[in-house]
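Structure at a glance
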Amino acid sequence: MVGNVVLGISGASGAVIAHRLAREIIGMGHHLHLVCSRYGRLMWEYELECTIDRSVAEYESIGDISVHKPGDVAAPPASGSFPVIASAIVPCSMATLGAIASGAGTNLLHRFADVAIKERRPLVFVPRETPLSPIHLSNMKILTEVGAVILPPMPAFYNKPQSVEDIVEEAVQRTLVAMELRSDLPEAMQWKDAD
Ligand SMILES: Cc1cc2nc3c(=O)[nH]c(=O)nc-3n(C[C@H](O)[C@H](O)[C@H](O)COP(=O)(O)O)c2cc1C
């Protein structure tokens, strides 16, 4: 089933994961709704050496995309009546995670996540911070208890990744499975018996 998919990008490290994920989602035929925070934009430029606007131009050449301003809490993804099949925040900063866990969010990333929680729709967080404080952990516990998936981009070394690219690809594919946009990991990433 194709539909509206919302992707939030916040100011944590890991823009490359969001970049690959956005391409995959659009390539699957979904309409991608992108919301990038101010610090998400900054990290994108720093880590990918490219503006998010340039990446969006690339996505537009592949398929359907709408870009919403983080301050626009009247945009379609802010409403529970707007049909959305899956949402994710990739990468998710501890600030964004905390705002959503508290229920006292102020921007569109916080709001679309809050909507996904109240509407019981698939919602995935790909957080990035290390080490994690008790505050980070309790916010993650709150979000997992309300049905969201907390998916830190931790590599499985039994897959014998050969490059950063392999590690990023695993995080992307696991996120797609958690968002219920694909049923299983690609075969090459599945555990196989040694003999
Ligand atoms: C270079 C740089 C790297 C950062 N990396 C992280 C990170 O990996 N995880 C995190 O939670 N915050 C990180 N931060 C801090 C967030 O960007 C900051 O808390 C910001 O207010 C997050 O806002 P946002 O969640 O609205 O994007 C980083 C900040 C900078 C400047």
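Preceding block: the structure.
Now for a quick tour of the structure. Remember, predicted model here, so these are calculated numbers, not experimental data.

Rules used in this analysis
- Residues numbered from 1 in each chain as written.
- Predicted model: local features only at pLDDT ≥ 70, side-chain atom pairs only at ≥ 80, totals over all residues.
- Heavy atoms only, no water.
- Disulfide = S-S within 2.5 Å.
- Near = heavy atom within 4 Å.
- Polar contact = N/O pair within 3.5 Å; in protein donor to acceptor, adjacent residues only side chain to side chain.
- Areas by Shrake-Rupley, 256 points an atom, 1.4 Å probe, with all protein chains shown as cover.
- Helix = DSSP H or I, 4+ residues; strand = E, 2+ residues; numbered from the N terminus.
- 1 Å grid on protein atoms, 1.4 Å probe; cavity = no way out; pocket = protein on both sides within 12 Å on 5 of 7 lines; lining within 4 Å.
- Points joined across faces, edges and corners; volume = space filled by probe spheres on them.
- Nonpolar A, V, L, I, M, F, W, Y, C, P; charged D, E, K, R; others polar.
- Contact = heavy atoms within 4.5 Å.
- Core = buried A, V, L, I, M, F, W, Y, C linked by side-chain atoms within 4.5 Å.
- Buried < 20%, exposed > 50% of the residue type's maximum accessible area, 1.4 Å probe, protein only.
- Phe/Tyr/Trp six-rings, centres within 6.5 Å; stacked < 30°, edge-to-face > 60°.

1. With respect to the state of the cysteines
- If you walk through the whole model with that rule in mind, you get zero disulfides.
- The thiol of C50 is unpaired, and the distance to the nearest cysteine sulfur, on C36, comes to 12 Å.

2. A short note on the site of the ligand
- Within the structure, the ligand sits among 13 residues, and G11, S37, S93, T96 and R128 are positioned closest to it.
- Take G11: an N or O atom from its main chain is 2.6 Å from an oxygen atom of the ligand.
- Interatomic distance of 2.6 Å between a side-chain N/O atom of S37 and an oxygen atom of the ligand.
- The protein chains hide 65% of the 650 Å² of surface that the ligand would expose on its own.
- If you list the elements that add at least two residues to the shell around the ligand, you get α2 (38-48) and α4 (94-102).
- No other element matches the three residues that α4 contributes to the shell around the ligand.

3. Overview of empty space enclosed by the protein
- Applying the stated criterion to the full structure yields one cavity of 30 Å³ or more.
- There is about 50 Å³ of room inside the largest cavity.
- Forming the boundary of the largest cavity are V6, P77, S79, F82, V84, S87, F112, V115, A116 and R121.
- By residue number, the principal contributor to the lining of the largest cavity is helix α5 (residues 108-118), which donates three residues.
- Class assignment of the residues belonging to the lining of the largest cavity gives a composition of seven nonpolar, two polar and one charged.

4. Section: the side chain of H136
- Tracing the backbone through its elements, the reader meets H136 in helix α6 (residues 134-145).
- In this structure the side chain of H136 is engaged in a polar contact, spanning 3.0 Å, whose partner is the backbone nitrogen of S133.
- Those residues within four positions of H136 in sequence are excluded, and the remaining contacts are M94, L97, E129 and P131.

5. Quick look at the nonpolar core
- Judged by nonpolar contacts, the single largest core of 31 residues is most densely connected at L7, L32, L34 and M179.
- Of all the secondary-structure elements, those providing two or more residues to this core are β1 (4-9), α1 (15-27), β2 (31-36), α3 (52-62), β4 (86-92), β5 (123-127) and α7 (164-178).
- Ranked by the residues each element gives to this core, the list is headed by α1, at seven residues.
- Contact partners of L7, with chain neighbours within four places excluded, come to A18, L21, A22, L32, H33, L34, V35, A88, V90 and F112.
- In this structure, C92, L97, I117 and L143 belong to the second largest nonpolar core, which totals 24 residues.

6. A closer look at the packing of aromatic side chains
- The full count for this structure, using the stated rule, is one aromatic pair.
- Ring geometry for Y158 versus W191: centroids 5.4 Å apart, planes at 90°, classification edge-to-face. Taken together, the residues span a long stretch of sequence, with Y158 in the loop between β6 (149-150) and α7 and W191 in the segment after α7 at a distance of 33 residues.
- Among the residues examined, Y158 registers a relative accessible area of 44% and is labelled partly exposed.
- The exposed category is assigned to W191, whose relative accessible area is 62%.

Interpretation note: all reported values are geometric properties and have no functional meaning in isolation.
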